[in-house]
Amino acid sequence: MTQPIVVTGTDTEIGKTVFSAGLTLALKATYWKPIQSGIEEQTDSQIIASLTGCPTLPEAHLLQLPASPHLSAEAEGAHIGLDDLTIPAIDGPLVIEGAGGVMVPLNREELFLDAFAQWRAPVILCARTQLGTINHTLMSLLALRQARCAIVGVAFIGDAVPEVEQTICDFAHVAHLGRLPRLKTLNADTLTDAFEAIDMKTITGALTQ
């Protein structure tokens, strides 16, 4: 049986939507972004659909303000609760992308981390390779572990910094899932080529456990 898989990050704007697109393509999966907080030209679901051609599910919450989900919801007089974020039942693999980082608030009492813990789905943590990533990534992994989430590993995004990447994986005792570079030209072909560096064997193994 194939489980859903969660893609989260150490922060916002680190490239996890591009990673999610590559993973959706590789798994021939359906994509779901439960909360879209901030709408500019396109939603992340629209980006995934145009980039991959894979099916997407409608957001549980589509919010205008580019801010933490709890603030975006409050600005519209809305409330986000864990009951709103039940994973849809579909045939085949499902890639779920979180909003922002691991500890982003859903409301004044609950975090996205609480949703991850409730879902009991394996989690991939995306981390940028820029300065500061060791602290941010180790703290995010600690939070996921304390919430008893099943961590598949860390996928790095950006320029190669092998010593830093290995330091994180050694300290946290997690799998290094590979590195996705920043792509100057982003389309299905360039993303598929770049995703060959990602450890899909470990990822698919986590989905069938």
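Fair warning: this is a prediction, and the values are worked out from it, not measured in the lab.

Visitor: Would you mind showing me how to read the overall build of the protein chain here?
Guide: Within the protein chain, the secondary structure is distributed over eight helices and nine strands. In terms of overall size, the protein chain behaves like a compact globule, its C-alpha atoms giving a radius of gyration of 16 Å where 209 residues would be expected to give roughly 17 Å. Out of the 209 residues belonging to the protein chain, those deemed buried represent 50%. For the protein chain, contacts bridging at least 24 residues in sequence account for 72% of all contacts bridging at least 6. Accessible surface, the protein chain: about 10,200 Å² in total, of which carbon and sulfur atoms supply 52%. Averaging the coordinates of the 12 positive side-chain charges in the protein chain and doing the same for the 23 negative ones gives two points 6 Å apart.

Visitor: Even after reading the chapter, I still don't get helix α6 (residues 162-172), so can you show me in this structure?
Guide: Note: α-helices contain 3.6 residues per turn, so residues at a spacing of three or four share the same orientation. Every buried residue of α6 is accounted for by E165, I168, C169 and A172. Angular distribution of buried residues about the axis of α6 spans 90 degrees; they occupy a single face of the element. Turned more than 90 degrees away from the buried face of α6, the exposed residues are P162, E163 and F171. In this fold, the buried residues of α6 make contact with α5 (133-146), β8 (151-157) and β9 (176-180). Just downstream of α6 lies H173, where phi reads positive at about 55 degrees.

Visitor: It is not clear to me how the nonpolar core should be interpreted in this structure. Could you clarify?
Guide: For soluble globular proteins, nonpolar side chains are generally found buried alongside one another. F112, F116 and W119 are the most contacted members of the largest nonpolar core, which has 34 residues in total. Of all the secondary-structure elements, those providing two or more residues to this core are β6 (94-101), α4 (112-119), β7 (123-128), α5, β8 and α6. When residues in this core are grouped by element, the largest group, five residues, is from α4. If we skip the residues at most four places from it in the chain, F116 touches V6, T8, V102, A121, L144 and C149. Of all hydrophobic cores here, the second largest spans 27 residues; its members include A29, L191, A194 and M200.

Visitor: Would you mind showing me how to read the state of the cysteines here?
Guide: Here, the word disulfide means a covalent bond between the sulfur atoms of two cysteines. Per the counting criterion, the structure on display carries zero disulfides. We note that C54 lacks a disulfide partner, and the nearest cysteine sulfur, in C126, lies 17 Å from it. Take C54: its relative accessible area is 14%, and that puts it in the buried class. Of all cysteine sulfurs, the one in C126 lies closest to C149, which takes part in no disulfide; the gap is 15 Å. In this structure C149 comes out as buried when scored by relative accessible area, which is 11%.

Visitor: Please explain the environment of T10 as it appears in this structure.
Guide: Considering the arrangement of structural elements, one finds T10 in the loop between β1 (5-9) and α1 (16-27). Between the C-alpha atoms of T10 and S140, which are 130 residues apart in sequence, the distance is 6.2 Å. With residues near it in sequence (within four places) discarded, T10 still touches G101, L125, C126, A127, R128, H136, T137 and S140.

Thresholds applied
Residues numbered from 1 in each chain as written. Predicted model: local features only at pLDDT ≥ 70, side-chain atom pairs only at ≥ 80, totals over all residues. Heavy atoms only, no water. Helix = DSSP H or I, 4+ residues; strand = E, 2+ residues; numbered from the N terminus. Rg over C-alpha atoms; globule rule 2.2 N^0.38 Å. Buried < 20%, exposed > 50% of the residue type's maximum accessible area, 1.4 Å probe, protein only. Contact = heavy atoms within 4.5 Å. Areas by Shrake-Rupley, 256 points an atom, 1.4 Å probe, with all protein chains shown as cover. Lys, Arg positive; Asp, Glu negative; His and termini not counted. Charge placed at Lys NZ, Arg CZ, Asp CG, Glu CD. Arc of directions from axis to C-beta. Core = buried A, V, L, I, M, F, W, Y, C linked by side-chain atoms within 4.5 Å. Disulfide = S-S within 2.5 Å.

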